[in-house]
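# Reading the structure
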Amino acid sequence: MVPNLVAIPIMLAGTEAQKAAYLPQFCDEAMPKMTAALTEPIIQFNPYKLKTTASLAGENYVLNGTKTAVPLAADAEMILIYANEDGKTQGFLVPADTGGETIGERNKLMGLNALPLYPVTLENVRIPAENRLGGEAGADFSLILNHSRVALAAMAVGMARATFLNKMATRSQDVTATLSMGMTLDHAVSMSIPVLGGAAWMAFGFEYVFVGAAGIALSSSLVAAFVHIPDDPAQEE
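Residues numbered from 1 in each chain as written. Predicted model: local features only at pLDDT ≥ 70, side-chain atom pairs only at ≥ 80, totals over all residues. Heavy atoms only, no water.

Tallying secondary structure elements over the chain gives four helices and seven strands in all. Ordered by position in the sequence, the α and β elements of the chain form the string α-α-β-β-β-β-β-β-β-α-α. Per-residue burial over the chain gives 42% buried out of 237 residues. Sequence-distant contacts, at least 24 apart, represent 69% of the contacts inside the chain between residues at least 6 apart. Accessible area for the chain stands at about 12,600 Å²; split by element, carbon and sulfur atoms hold 58% of it. (Helix = DSSP H or I, 4+ residues; strand = E, 2+ residues; numbered from the N terminus. Buried < 20%, exposed > 50% of the residue type's maximum accessible area, 1.4 Å probe, protein only. Contact = heavy atoms within 4.5 Å. Areas by Shrake-Rupley, 256 points an atom, 1.4 Å probe, with all protein chains shown as cover.)

Formed by 23 residues in total, the largest nonpolar core has its most connected members in V6, M34, Y82 and L133. In terms of residue count, the dominant contributor to this core is helix 1 (residues 2–13) (six residues). The contacts of M34, once residues within four sequence positions are left out, are V2, V6, Y22, Q25, F26, A76 and M78. Core analysis: the second largest hydrophobic core is formed by 17 residues, A54, I79, Y118 and L122 among them. (Core = buried A, V, L, I, M, F, W, Y, C linked by side-chain atoms within 4.5 Å.)

One non-glycine residue, D86, lies in positive phi territory at about 55°. Position of D86 among the secondary structure elements: in the loop between strand 4 (78–85) and strand 5 (88–95). Located in the positive-phi region is N124, a residue other than glycine, with phi close to 50°. When you line up the elements, N124 lands in strand 7 (residues 117–128). Its relative accessible area of 53% is what places N124 among the exposed residues.

In structure tokens form, the structure reads like this:
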């Protein structure tokens, strides 16, 4: 998850200095403690119209706003925060010890509880202008978004496959146990087919739910397989 949230955006849009500073950390056995914050606690969230703002003040950027469902934020040493700068979504590399950044209590969810998600509040957070993803040139947010969609879809398919295989194995054990009690094979198989079918449906359904939930976690804009979000902000008009 961390490579998708941080390494890929830096690889695609970072300056040479940003790549040299951060990408080598992803070559170690343990993943660096980093994350990204895009999603905001508003209805009809639009990643191209963020409420979190970034304003240039001399040689610094000042960030203000609220993010939600930020994965692993409590332990993160750096957060890639996306903010609205003059109407465009840009990324900013914010160290955890930066003043004005507050990590709230863990978000309470109906599902996806294995992944800790947190709200993050930014109050006049000041960072050097060089911490803007891509430096003066900035970042192509649509490019980052599209790459994240691919990574998220791959993760969702993997989870769906694991769920399906787990249920298949469980039903196989149930059929074996039923046969040991004297039931005929035809009867046992006829009883298992609806459940196996249900497992397949559940796996597909879990993939859908997982993608939706993970979309909220990583940013609701990443759920490309199920929700269309325009790549061109002009399409929103």
